[in-house]
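Architecture at a glance
Each chain is listed here by its residues.
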Amino acid sequence: MFLVLAGAGMYATGTVETEGVMEFKPEDLKAVCQRTMPFGKYQNCPVIDLPEPYLLWFADKGFPKGELGRLMALAMIIKVEGLAELVAPFRGTRPGVVS
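Residues numbered from 1 in each chain as written. Predicted model: local features only at pLDDT ≥ 70, side-chain atom pairs only at ≥ 80, totals over all residues. Heavy atoms only, no water.

Concerning the overall build of the chain
Each helix and strand in the chain was counted, giving three helices and three strands. For the chain, the sequential pattern of α-helices and β-strands runs β-β-β-α-α-α. When each of the 99 residues of the chain is scored for burial, the buried share is 34%. Sequence separation of at least 24 residues holds for 44% of the intrachain contacts in the chain that already meet a minimum separation of 6. Split by element, the accessible area of the chain, about 6,000 Å² in all, is 57% carbon and sulfur. (Helix = DSSP H or I, 4+ residues; strand = E, 2+ residues; numbered from the N terminus. Buried < 20%, exposed > 50% of the residue type's maximum accessible area, 1.4 Å probe, protein only. Contact = heavy atoms within 4.5 Å. Areas by Shrake-Rupley, 256 points an atom, 1.4 Å probe, with all protein chains shown as cover.)

The structure is reproduced here in structure tokens:
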């Protein structure tokens, strides 16, 4: 099953037939906690810990292409929809709360 971001909504599906739809795989929940920002003010910050306003700015201007952009979009969905419990098992022993 995939989590899919399409326009203003998201839904779960097994296959995607719509062009321009962003797919998320279950292993992305772990990756969003492990991958860090490679540039900018938040360099070396885990993607899941990026501030919501920063992620919303990227959503408006366009996420980077590739895996980083996909994970940033996932982090934004997790924060906006209040789904922090989805990534709790992957945060390890690192203290902190997904804001």
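Still to come is the rest of the account.
Digging into the pattern of salt bridges
For the coordinates displayed, the defined rule picks out four salt bridges. A salt bridge links Arg91 to Asp49; the shortest N-O distance between them is 2.9 Å. Of this pair, Arg91 sits in the segment after helix 3 (67–80) while Asp49 sits in the loop between helix 1 (28–34) and helix 2 (52–61), and the two are 42 residues apart along the sequence. (Salt bridge = Lys/Arg side-chain N within 4 Å of Asp/Glu carboxyl O.)

Details of the nonpolar core
Formed by 23 residues in total, the largest nonpolar core has its most connected members in Val32, Val47, Ile48, Leu50, Met72, Ile78 and Val87. Elements supplying a minimum of two residues to this core: helix 1, helix 2 and helix 3. At nine residues, helix 3 tops the list of elements feeding residues into this core. (Core = buried A, V, L, I, M, F, W, Y, C linked by side-chain atoms within 4.5 Å.)

Overview of the packing of aromatic side chains
Here the structure, examined in full by the defined rule, presents three aromatic pairs. Ring centres 4.8 Å apart and planes at 65° place the aromatic pair Tyr42 and Tyr54 in the edge-to-face group. Placement of the pair is Tyr42 in the loop between helix 1 and helix 2 and Tyr54 in helix 2, with a sequence separation of twelve residues. Overall, the relative accessible area of 22% leaves Tyr42 in the partly exposed class. (Phe/Tyr/Trp six-rings, centres within 6.5 Å; stacked < 30°, edge-to-face > 60°.)

Details of the environment of Pro51
Residue placement: Pro51 occurs in the loop between helix 1 and helix 2. Residue Pro51 is classed as partly exposed on the basis of its relative accessible area of 22%. Separated by 25 residues in the primary sequence, Pro51 and Met76 have C-alpha atoms spaced 8.8 Å apart.

Re the environment of Ala31
Among the structural elements, Ala31 can be located in helix 1. Taking the relative accessible area as the measure of exposure, Ala31 reaches 16% and is therefore buried. In this structure, the C-alpha to C-alpha distance between Ala31 and Leu71, residues 40 residues apart in sequence, is 7.5 Å. Setting aside residues up to four positions removed in sequence, Ala31 forms contacts with Glu67 and Leu71.

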